[in-house]
Amino acid sequence: MPDPLHTRVTAQLKLALLGDCGCHKTLTQLEREARQSGLTGAEIDAAISGRSFEARTAAAVAFACAMKTGDDDCIQQARTRALQIGVTTEELHAIAKEAKRILASKRQ
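Bear in mind that the values here come from a model prediction, so they are computed numbers and not experimental data. (Residues numbered from 1 in each chain as written. Predicted model: local features only at pLDDT ≥ 70, side-chain atom pairs only at ≥ 80, totals over all residues. Heavy atoms only, no water.)

1. Some words on the packing of helix H1 (residues 7-18) against helix H2 (residues 24-36)
1) Next: At their nearest, the axes of H1 and H2 sit 9 Å apart, and the two run at 160 degrees to each other. In terms of their interaxial angle, H1 and H2 are classed as roughly antiparallel. Of the two elements, H1 crosses H2, and the hand of that crossing is left-handed. Residue-level inspection shows Ala-11, Lys-14, Leu-15 and Leu-18 of H1 in contact with H2, the latter providing Leu-30, Glu-31, Glu-33 and Ala-34.
2) Next: Partitioned by chemical class, the residues of the contact of H1 with H2 number five nonpolar, no polar and three charged. (Axes fitted to C-alpha atoms, helices over the stretch in contact; angles between N-to-C directions. Helix = DSSP H or I, 4+ residues; strand = E, 2+ residues; numbered from the N terminus. Parallel < 35°, antiparallel > 145°, perpendicular 65-115°, else oblique. Left-handed = near helix turned anticlockwise from the far one by under 90°. Contact = heavy atoms within 4.5 Å. Nonpolar A, V, L, I, M, F, W, Y, C, P; charged D, E, K, R; others polar.)

2. Things to note about the pattern of salt bridges
1) Next: Applying the stated rule across the entire model yields five salt bridges.
2) Next: One salt bridge connects Arg-101 with Glu-98, and the closest N-O pair in it is separated by 2.4 Å. Of the two residues, Arg-101 and Glu-98 are both situated in helix H6 (residues 89-107); the distance of three residues between them amounts to about one turn of the helix.
3) Next: Classification of Arg-101 by relative accessible area gives partly exposed; the value is 42%.
4) Next: With a relative accessible area of 14%, Glu-98 lands in the buried category. (Salt bridge = Lys/Arg side-chain N within 4 Å of Asp/Glu carboxyl O. Buried < 20%, exposed > 50% of the residue type's maximum accessible area, 1.4 Å probe, protein only.)

3. As for the side chain of Ser-37
1) Next: Within the secondary structure, Ser-37 is located in the loop between H2 and helix H3 (41-48).
2) Next: You can call Ser-37 buried: its relative accessible area is 16%.
3) Next: In this structure the side chain of Ser-37 is engaged in a polar contact, spanning 2.7 Å, whose partner is the backbone oxygen of Ala-34.
4) Next: Beyond its immediate stretch of four places on either side in the chain, Ser-37 contacts Thr-7, Arg-8 and Ala-11. (Polar contact = N/O pair within 3.5 Å; in protein donor to acceptor, adjacent residues only side chain to side chain.)

4. Points about the packing of H1 against helix H4 (residues 55-69)
1) Next: It is the contact of H1 with H4, at a shortest axis distance of 10 Å, that shows an interaxial angle of 40 degrees. Judged by the twist between their axes, the crossing of H1 over H4 is right-handed. Counted together, Val-9, Gln-12, Leu-13, Ala-16 and Leu-17 of H1 and Thr-57, Ala-60, Val-61, Ala-64, Cys-65 and Lys-68 of H4 form the full contact between these two elements.
2) Next: Taken together, the residues of the contact of H1 with H4 sort by class into eight nonpolar, two polar and one charged.

5. Here's the deal with the nonpolar core
1) Next: The biggest cluster of nonpolar side chains holds 29 residues, and the ones touching the most others in it are Leu-13, Leu-15, Phe-63 and Ile-95.
2) Next: Of all the secondary-structure elements, those providing two or more residues to this core are H1, H2, H3, H4, helix H5 (72-84) and H6. (Core = buried A, V, L, I, M, F, W, Y, C linked by side-chain atoms within 4.5 Å.)

Now the structure itself:
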């Protein structure tokens, strides 16, 4: 995951964090952005469910989703798992920053 976050990873984070909004317009826009970043339909569906087919991206999505819950134990567990599979501390910082930005956009 290069810094800044790769557009494919960012698209998956957006889908995972905002995919439960229930707003057809928002979902359509998120899916359009995801397809433009190169995601397939299966990857989009997985991201909406908070998953990814790629291990490091799955860890990033799980960490971001844990942040969404606000549960410190869940966040720490996701962080530990991500570090174990090779996501760097720097990448986790970038993921956290992006997740906060995405979640803040939801409130607007």
